[in-house]
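Listed here are the chains, written in short residue letters.
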Amino acid sequence: MSLQDIALMAHLMRRAGFGATYQEIHENVSDGYDHTVDHLLDPNVSDGIQQDMLRRYHPDHSGGLGTAGMAFYWLHRMVQTQTPLREKVALFWHHVFATGYGKLAQGRVLMDQVEMFRQHGFGSLKTLLIELSRDPSMIIWLDNQDNHKGAINENYGRELLELFSMGVGNYSEDDIKACAQAFTGWTVSNAKYMKMRADNDSLWPYGRLNLHFEFDEDDHDGSEMTFLNETGVFNGEEVVDIICRQPATANFISRHMYNFFVADEPPVPQWPYREPRDPEAIQILSDAYFESGYNIAEMLRVMFKSEFFKSENVRSEKVKSPAELVAGVLRLTGESRKLTPKLQGDANLLGVMGQQLLNPPSVEGWHTGTEWLDTGNLVERINYAASKFADVNKPGIKEMIGRLAADAGGVATPETLVQDCLDQMGAISLSKTSMDALLNQASKTGKSEIGTDERETDEDILGELLRLVAATPDFQRC
Amino acid sequence: MVSTKSDRKLVVIQLSGGNDYMNTIVPYTNGLYYDNRKTVNIQPTEVLDIDGEYGFRSHMEPIKDLWGQGDVAIINGIGYPTPNRSHFRSMDIWHTALPDDIGNEGWLGRAIRELDPKGENVLTGVNFGRGLPRALAVRGVPVASVGNLETYGLFSDISDDSSRDLALETFAQMYGNANGGDAVMKFLGQTGMDALKGADILSTAPAKYSSTVEYAADPLSQSMRSVAQVLFADLGTRVFYTQHGSFDTHSGESATHQQLWMDVSAAIGDFTADLKEHGREDEVAILVFTEFGRRVKDNGSGTDHGSGGAAFVIGSSVEGGMYGEYPSLKEQDQLEGDLHYNNDFRTTYATLLEQWLGLEAAPIVNGHFEQFSLFKN
Amino acid sequence: MQLLQISNVVRRQNKLTTTRTATDFLVYDRTLGVAAMEFRGFYYPVDLAINKEGRIYGLNRSHEGDPRGVRICMFDYDSNYFGAFGSVGEEDGQFTWATSIAIDREGLVYVSDEYTDRISIFDSEGNYLRKWGEHGDMPGQIDGPASMAFDNDDNLLISDHRNNRIQKFTKDGRYVSSFGKEGEGDGEFNLPWGVTVSSSGDLYVVDWRNDRIQRFTSDGEFKSKYCESGSDEGQLNRPASVAVDKSGHMYVADMGNDRVQVFDPDGGFVMTLEGQATVSPWAQEFLDASPTEASARYESDLRVALNARTGGTYEKRSHIEHLFWAPISVKLDLEGKIYVTDRNRHRVQVYRRV
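This one's a predicted model, so the numbers in the text were calculated from it and none came from an experiment.

Peer 1: Kindly report on the domain arrangement of chain B, identifying the contributing residues and their values.
Peer 2: Residue and element names in this part refer to chain B. For chain B, the domain assignment lists domain 1 (5-148 + 209-365) and domain 2 (153-202). Inter-centroid distance (C-alpha atoms) of domain 1 to domain 2 is 36 Å. Between domain 1 and domain 2 lies a buried interface of about 430 Å² when both sides are counted; carbon and sulfur atoms form 89% of it. Contact with domain 2 buries area across many residues of domain 1, yet Val122, Leu123 and Leu235 alone supply 69% of it, more than any other trio. Our enumeration of links across domain 1 and domain 2 arrives at 0 salt bridges. Across the contact surface, domain 1 and domain 2 share 0 residue pairs in polar contact (both at pLDDT 80 or more).

Next comes the structure, spelled out in structure tokens:
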């Protein structure tokens, strides 16, 4: 098992999931890289999430009064799932099709949207965009219940083209109007009451009422239109079909995928003016899009197996999103293997760090890369990871320390000690600066004898070392 | 002592959850009030009279005292067009000063950018609480968010000082030397060192502080004590922010609302006393606001989300009095069962920005608004 | 395939002819409560208990994201409100994961917490008196007290669910006896939940993950078992609670199927309740205070046909308000009226025998 294989697998598991333990990485390397990619993409693998248990213990995971219960539920899934890519892809679409709680005052309908991403997020983009257009939270979020025959509201039509499929510069204002026309009558049942409940933040009298899609044929403008140079009578489904045939769509979705899974791109509004970082990669993904009939899973498969994904140039290139950071830490510490109310604290911290799940700042979603970071939330991020890894009572940390002590077998040089810690924390690699600082620390604590002394001494030394690895700038990256 | 604009500080207290205006500034001489508030009301005998017509609710004595000294401006009927009764959305509107669009920049973040255009002081704006309220959030404007001033900073969980120092030393090596890496590494290094610096400066504040004022134990009082500590340490902070709640009193309002206003009044009373003890009272204006008021009618146990509320501006430099109009309680004057707002919240923002902080308000609050004359000349 | 379907239809028809219809056994009576995160009302209520004077103690678990909701609300059948007590936390008189509530012969109120493994005791006005209970798997220790019931000797039975057993304690917390272990056989459990004692003294235990009800003698001897996994009549999906009336009829909160099923004393299917909630007096006060929202509500079709996307009863119930959504507890009052705690709808639906 070569070090390169291990480093590559660690990279894959960070990007296609939320990181992996040392053993998971080793097991996956034994299974082979391509096999692991196929397994991550296999829709038949069970996620292992015990829904009945969650319903029993955590009523708000289904009731959805606010974002808190939903963030808890989703974080639980990110940490406990056996199909991490499914959660990662759902998170990807949540970034792209950013829909926010503030205008909906309904947690459940947003969680249903995320569930829709789990179901359709790997299939045809066409199905996904039709489901998105029928999604009741999206309808309220972008005012489509006000999009009427004879009185068009362009909001959804515009964002569908600008942010959800093609990107600015690839369509005209008339196309926007035609697109909006095609979605007239796509509304929610009891729209007036539901919108009023959302505006009033009402959970009265008996909790939130979920929203559901309704097609109001009488309110649908079925007159002939011209959309992206095609003329005819088009409903929303046909418009989505035309959108999916556009090379611009292939490019735009490919660039999103690259930005989320491979390397940070500038924020979306700058895309028309700035070339992709790796145009060849975008071309490969776009080709996969058309060859597979707009199939997302096939694009992902091509991407993860490509040289541009495996390249050393993109390793640890990204800045972890708060969700990646927190879920990644918790998968290693093992503290939430048993259901616990304490996970709510971790879920709430996502918001403190700048990523309140199900409540992105705007329809543009979160800006990624260094835009995740400012002094305030960097302190939160570092303190979070560092304090978790220093807590030697957490089951995952206990196991790590046990293995570190066993591996050291009595004597360890600072070099092997630090390297062992990095391996145990998910085979992470460090810049020279960070490595030097850690070696300095490891030699300063004086003790290089590990595993012979008393358990508490091991814990002291290793806990401090794990803390500092988690505090490195490198750990902030993905 | 008359303060100059460059000395002046704004302290913002957000009442989260939607404070019940009618039970804060009580129209206790108006029969319609008791008709609508059959269960959730303040009896005339409990009201602290303001002007023979309105009164503060019970347990607001410290604020009533400040009112008596002419230091309290009550902004009546404050709100914005087309009320939204969702906490998130309404709070967003107050934070971004944009009632019709979803905005990305906080009004106070913009103010901080104007106060410190080059971002020379990472402490120009300080939030007391965890996570940055959107009011303070503007890309590239550093604002410190302090959960607990005593332990603020990196590795706050390490209780042993020497271990913490050792960890911080390693941290400084890692982040201070990160400028050799790629652009992201450089950014991380810079941000990490800024955080370290900010924490170092802030950590000096509690030690420098001494006062005879004993603040209460509730979180708001403790936050106001931290505000005083940072303010007296003269770290250049101009905007302070904190919040208290929850004012979302749908049920059992009588008990909860009383406790909340005991907390808020005591915290403000203690803070102003502390300012006076240190001779700093002329430098500070306090803005107290909430995202919305509550329904005119009670629901038998509490009150539901409404519109039209009250804000307060408090300080020795403030020209005390009633501003705006108390909205009519008559059914035909109501807006969907709520009090009808009659002055835009950006009027108050613009007044504070121009008359108190000396900034041009229009670009910050997204337009030109009339202003009150809120300050003594 | 087709044959199978036909035989199912026949089977169901036969069953229907041998059972009474809904209207001549039980009728809907009323709805109590309203969603409220503090004081009067409910926030994810999980259980209730009724004392001899007819005072009802509604136990609100709330959820981790809103600690204000945790408390016990005191009220009665006529919607009079008598105050609330308890809060979230681990101090005396507080709860983290409240699960059940029971009242002893003296009228003292017992509340279980499956996070701290503690039983807290209050007087009838809600003043905290004392607590007992200790985490563990030794006899007398508890790991997840899910439900409580007093037996005819005024001893307290606790379903100790993560230990897969039922334990008996005296009222002051002294261990008396226990029975059951993990498994699927007779007298074995998979995370048991509701426990109740019939007037004859038999114990009924809801065997949650085995989707069945087991019946024992007062000494814990296995007597019989009822139901199986599924969503047809007579089948259960993760049931939470059972109540047994004087005639021996069983009322089961079939939480995973979002319904209450009624069985005769031998386990024969009698009927299903789907939920028929109406506007309670407290709910009406809310609507009166919000006239615009109320009028939009009256114009709406709240029983609109569904095109639920992710499917399943759980999603359906999130849309349709009058139906049960996670019915979690069934309790009877002295007259035999049936109180169903409708957890995700923050209310209690009451039914009565005709």
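Peer 1: How would you summarise the nonpolar core if you had to cite specific residues and measurements?
Peer 2: Ranked by internal contacts, the top residues of the largest apolar core, which has 179 residues, are Trp93(A), Phe227(A), Phe261(A) and Phe304(A). Not counting the four nearest positions on each side in its chain, Phe227(A) is found in contact with Leu161(A), Asp175(A), Ala178(A), Cys179(A), Phe234(A), Val239(A), Ile242(A) and Ile243(A). Listed in part, the 63 residues of the second largest apolar core include Ile63(B), Leu123(B), Tyr152(B) and Trp261(B).

Peer 1: How would you sum up the pairing of strand β19 (residues 203-207) of chain C? Please name residues and give values.
Peer 2: Residues and elements named next belong to chain C. Within β19, 5 of the 5 residues are buried, which leaves the element mostly enclosed by the surrounding structure. Of the two faces of β19, the one holding Leu203, Val205 and Asp207 and the one holding Tyr204 and Val206 are both buried throughout. Relative to β19, strand β18 (residues 195-197) runs antiparallel, the two sharing 3 bridges. Bridge pairing in β19 places Val197 opposite Leu203. Where β19 and strand β20 (residues 212-216) come together, 5 bridges link them in antiparallel fashion. Across the sheet, Asp207 pairs through a bridge with Arg212, a residue of β20.

Peer 1: Outline the packing of helix α11 (residues 155-162) of chain A against helix α12 (residues 173-182) of chain A, supporting the account with residue identities and numerical values.
Peer 2: Residues and elements named next belong to chain A. Close contact between α11 and α12 brings their axes to 8 Å; oriented N to C, the two are set at 120°. Taken together, the axes of α11 and α12 lie oblique to each other. Remark: the crossing between α11 and α12 carries right-handed chirality. Facing Gly157, Arg158, Leu160 and Leu161 of α11, the residues of α12 in contact are Glu173, Asp175, Ile176, Cys179 and Ala180. Here the contact of α11 with α12 is built from residues that sort into 5 nonpolar, 1 polar and 3 charged.

Peer 1: Tell me about the pattern of salt bridges, residues and numbers included.
Peer 2: Enumeration over the complete set of coordinates arrives at 77 salt bridges over all chains. The salt bridge partner of Glu298(A) is Arg301(A), with a shortest N-O separation of 3.2 Å. Pair noted here: Glu298(A) and Arg301(A) are both in helix α17 (residues 296-305), with a separation of 3 residues, about one helical turn. Given a relative accessible area of 31%, Glu298(A) falls into the partly exposed group. Overall, the relative accessible area of 23% leaves Arg301(A) in the partly exposed class. Between Arg212(C) and Asp207(C) there is a salt bridge whose closest N-O contact spans 2.7 Å. With a relative accessible area of 7%, Arg212(C) lands in the buried category. With relative accessibility at 0%, the residue Asp207(C) sits in the buried group.

Peer 1: So what about helix α5 (residues 161-176) of chain B? Which residues, and what values?
Peer 2: Residues and elements named next belong to chain B. Its 16 residues give α5 an end-to-end C-alpha distance of 21 Å, which sits within 8% of 22 Å, the value for a rise of 1.5 Å per residue. Taken residue by residue, α5 has Arg164, Ala167, Leu168, Thr170, Phe171, Met174 and Tyr175 as its buried positions. Viewed along the axis of α5, the buried residues span an arc of 165°, placing them on a single side of the element. α5 presents Asp161 and Ser162 as exposed residues on the side facing more than 90 degrees away from its buried surface.

Peer 1: Tell me about the interface of chain B and chain A, and please be specific about residues and values.
Peer 2: Taken together, the contact pairs 42 residues of chain B with 45 residues of chain A. Between chain B and chain A, a total of about 3900 Å² is buried, with carbon and sulfur atoms accounting for 62% of that surface. Our count for the chain B to chain A interface comes out at 4 salt bridges. Between Asp182(B) and Arg477(A) there is a salt bridge, with its nearest N and O atoms 2.9 Å apart. For the pair chain B and chain A, the interface holds 17 residue pairs in polar contact (both at pLDDT 80 or more). Elements represented by at least two residues in the side of chain B that touches chain A include exactly α3 (87-96), α5 and α6 (183-202) of chain B. Here the side of chain B that touches chain A is built from residues that sort into 18 nonpolar, 14 polar and 10 charged.

Rules used in this analysis
Residues numbered from 1 in each chain as written. Chains lettered and ligands numbered in written order. Predicted model: local features only at pLDDT ≥ 70, side-chain atom pairs only at ≥ 80, totals over all residues. Heavy atoms only, no water. Domains from an automatic or database assignment. Buried area = accessible area lost by both parts, 1.4 Å probe. Salt bridge = Lys/Arg side-chain N within 4 Å of Asp/Glu carboxyl O. Polar contact = N/O pair within 3.5 Å; in protein donor to acceptor, adjacent residues only side chain to side chain. Core = buried A, V, L, I, M, F, W, Y, C linked by side-chain atoms within 4.5 Å. Buried < 20%, exposed > 50% of the residue type's maximum accessible area, 1.4 Å probe, protein only. Contact = heavy atoms within 4.5 Å. Helix = DSSP H or I, 4+ residues; strand = E, 2+ residues; numbered from the N terminus. Pairing = 2+ DSSP bridges. Axes fitted to C-alpha atoms, helices over the stretch in contact; angles between N-to-C directions. Parallel < 35°, antiparallel > 145°, perpendicular 65-115°, else oblique. Left-handed = near helix turned anticlockwise from the far one by under 90°. Nonpolar A, V, L, I, M, F, W, Y, C, P; charged D, E, K, R; others polar. Expected span 1.5 Å × (residues − 1). Arc of directions from axis to C-beta.

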